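So the chains spell out like this:
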Amino acid sequence: MTAPALAPNALSSVPPGVFDCPDVELRRITKQFEGETVIRGVDLQVQPGEFFCILGPSGCGKTTLLRLMAGFETPSTGEVLIRGEVMNEIPPYRRPVNTVFQSYALFNHLTVAQNVAFGLQVKRLPKAEIGDRVAQALAGVKMETFASRYPRQLSGGQRQRVALARALINQPTVILLDEPLGALDLKLRKEMQVELARLHQEVGLTFVMVTHDQEEALSLSDRIAVVRAGQIEQIGSPQEIYDQPRTAFVADFIGDTNLFTGTVEGIAGDLVTILTPQGLSLIAQGRPGLTLGQTVTVCVRPEQIQLTAEPTTDRENCHRGQLSQVMYLGTHVQSVAALVETGDRLRILQPKPGTSFPLNSPLYLSWRATDTLALIN
Ligand code: ATP
């Protein structure tokens, strides 16, 4: 998987050196609610034109981070900067950001066009200009034929488009999106993801989006910040986060994975041997900081495991197993196999048509050391 390129117009429309600072920056932010610390020293930078996702489990502090950027919360310590300017004392309506909420927050007594026009009317722009910009914004989200409808006459996806148009019309520096697709069913959510990606490319603004959906974050973002209990666990491109998770938490949270806990028993050149309490010996790629006797979590992605009838010699890890489950998932086959030596159950994902084995057939599972990550707990 490759990260989508930065929206080209975002960077090319700005003369070099004009904004040589991040669009959004959080510096050593902490936030306490009623004495409880929910954000613990967060530093992050969002670059102009990026699609940046804040991803993490429920309650980890994602929405609080977004609200700090928007100005709906003030940090207990640290600084929020937008285009290099400290925003701590600036109220939400004076920040160059617009927020799109999961609940759309549309005015039910106003039509689609009136909802979108609202921000410009508050700014007292001339009527003709408002009309032109509303038409442009609605065309941008493909809602021009719905201008005179009321929100109650729209589907969830259409309401979300109106909410996006309303945010875009103010031409903010940054669009903040708080689980914008969270209320939609799966099919509509997928459609709107494509729309969001298109919109981001077209308008070239900086998008910061909160989501707990790892697939959504992987497919849309230029970079992702994975948050755990109020701290950033890792920031990187979707590919970095998926292929090189820095911690067991990230490996487990992003994508499907087989995890083992074990102790480092040997280090030889680039290779590390790890032994699990069940007696499974795993050969992993070495990484700085690993020492003998250390407890580590080993991560092997299901798609890296190969199934063969005979043992392989070109893969450092090869174990006898037995297939206990096979599921056809359209383009892929997902199976579960138990290792004969230890009883460990591993998930395997193979593209179709792969080598197919009947249930309970004895076989070999093999994978490379370079696809076996030893992560420090
Ligand atoms: P979710 O995915 O469930 O929306 P989240 O990652 O967005 O979760 P936050 O909404 O940022 O999490 O909340 C982080 C923590 O801060 C939670 O424990 C929450 O209960 C607490 N919290 C958030 N807002 C307040 C508030 N206004 N007063 C007290 N506690 C709060």
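This is a predicted model, so every value here is computed, not measured. Numbering of residues starts from 1 in every chain and runs along the sequence as written. The predicted nature of this model means local features are confined to residues of pLDDT at least 70 and side-chain atom pairs, given and counted, to a pLDDT of 80 or more, with totals for whole chains, interfaces and linings taken over all residues. Hydrogen atoms and water are omitted, and side-chain values are computed over all heavy atoms in the structure.

## Brief notes about the side chain of Glu195
Under the convention used in this document: Helix and strand definitions here come from DSSP, where helices need a minimum of 4 consecutive H or I residues and strands a minimum of 2 consecutive E residues; each element is numbered from the N-terminal end. When checking whether two residues touch, look at their non-hydrogen atoms; a contact exists if any pair is within 4.5 Å.
Mapped onto the elements, Glu195 comes out in helix α6 (residues 186–203). If near-sequence neighbours (up to four positions away) are discounted, Glu195 is found in contact with Lys142 and Arg161.

## Some remarks on the packing of helix α3 (residues 112–122) against helix α5 (residues 156–168)
So the rule is basically this: Axis definition: a line fitted to C-alpha atoms, limited for helices to the stretch in contact. Angles are taken between N-to-C directions and run from 0 to 180 degrees. Angular relationships are summarised with four words: roughly parallel below 35 degrees, roughly antiparallel beyond 145, roughly perpendicular across 65 to 115, and oblique for the angles in between. A crossing counts as left-handed when the near helix is turned anticlockwise from the far one by less than a right angle, and as right-handed when that turn is clockwise.
It is the contact of α3 with α5, at a shortest axis distance of 8 Å, that shows an interaxial angle of 30 degrees. With respect to each other, α3 and α5 are oriented roughly parallel. Crossing of α3 over α5 shows right-handed handedness. Of the residues in α5, those touching α3 at Val112, Asn115 and Val116 are Val162, Ala165 and Arg166.

## A short note on the domain arrangement of the protein
What counts here: For each domain, the first and last residues come from an automatic or database assignment. Accessible area that two parts lose when put together, with a 1.4 Å probe and added across both, is what the buried area reports. Note on residue categories: nonpolar means Ala, Val, Leu, Ile, Met, Phe, Trp, Tyr, Cys or Pro, charged means Asp, Glu, Lys or Arg, and polar means any other residue, Gly included.
Split by domain assignment, the protein resolves into domain 1 (19–248) and domain 2 (256–376). Distance from the C-alpha centre of domain 1 to the C-alpha centre of domain 2: 39 Å. Listed by partner, the interface residues are eight residues for domain 1 and six residues for domain 2. Each partner contributes to the roughly 650 Å² buried at the junction of domain 1 and domain 2, and carbon and sulfur atoms together form 45% of this total. Three residues, Tyr242, Pro245 and Ala248, lead the burial of domain 1 against domain 2; their summed loss comes to 68% of the area buried on that side. The leading source of residues in the side of domain 1 that touches domain 2 is helix α8 (residues 238–243), at three residues. Per-class residue counts for the side of domain 1 that touches domain 2 are four nonpolar, two polar and two charged.

## With respect to the site of the ligand
Heads up, the condition is: Whether a residue is near a molecule or strand is decided by its heavy atoms; if any one of them lies within 4 Å of it, the residue is near. Under the rule applied, a polar contact is a pair of N or O atoms within 3.5 Å (in protein, one hydrogen donor and one hydrogen acceptor; residues adjacent in sequence only if both atoms are side-chain atoms).
The local shell around the ligand consists of Phe33, Val38, Pro57, Ser58, Gly59, Cys60, Gly61, Lys62, Thr63 and Thr64. At 2.8 Å from an oxygen atom of the ligand is found a main-chain nitrogen or oxygen belonging to Gly59. Cys60 has a polar backbone atom sitting 3.1 Å from an oxygen atom of the ligand. With three residues, helix α2 (residues 62–70) is the largest single contributor of residues to the shell around the ligand. A per-class count over the shell around the ligand returns four nonpolar, five polar and one charged.

## A short note on the packing of aromatic side chains
Here is the rule we go by: Between 30 and 60 degrees the pair is tilted, below 30 it is stacked and above 60 it is edge-to-face, where a pair is any two Phe, Tyr or Trp rings, Trp via its six-membered ring, whose centres lie within 6.5 Å. The rule is simple: take the accessible area with a 1.4 Å probe, protein chains only, and divide by the maximum for that residue type; under 20% is buried, over 50% is exposed, in between is partly exposed.
All chains considered together, the criterion is met by four aromatic pairs. Ring centres of Phe72 and Phe101 lie 6.1 Å apart, and the angle between their planes is 40 degrees; on these two criteria the pair is classed as tilted. Of this pair, Phe72 sits in the loop between α2 and β4 (77–82) while Phe101 sits in strand β6 (residues 97–101), and the two are 29 residues apart along the sequence. Residue Phe72 is classed as partly exposed on the basis of its relative accessible area, which comes to 37%. By relative accessible area, which is 27% here, Phe101 ends up partly exposed. Taken together, a centroid distance of 4.8 Å and an interplanar angle of 55 degrees make the contact between Phe107 and Phe118 tilted. Placement of Phe107 in the loop between β6 and α3 and of Phe118 in helix α3 is noted, with a sequence separation of eleven residues between them.

## Focus on α6
To keep it simple, the criterion reads: Every helix has an expected span of 1.5 Å times one less than the residues it contains.
The end-to-end C-alpha separation of α6 is 25 Å, in line with the 26 Å expected for 18 residues at 1.5 Å each. Summarising the contacts, the buried residues of α6 are in contact with β3 (51–55), α4 (127–140), α5, β7 (174–178), β8 (206–211) and α7 (214–220). Where α6 terminates, the next one or two residues include Gly204, which has phi positive at roughly 70 degrees.

## Observations regarding the sheet that holds strand β5 (residues 85–86)
As a reminder, the rule being used: A pair of strands counts as paired when DSSP detects no fewer than two bridges linking them.
With respect to topology, four strands assemble into an open sheet ordered β2-β1-β4-β5, the strand pairing being antiparallel. At either end of the open sheet lies a strand with only one pairing partner, and these are β2 (36–46) and β5. In this sheet, β4 lies alongside strand β1 (residues 24–33) in antiparallel orientation, the contact comprising five bridges. Bridge pairing links Thr30 to Thr77 in β4. On top of the sheet, α2 reaches β1, β2 and β4; it is set at about 120 degrees to β1, its chief contact.

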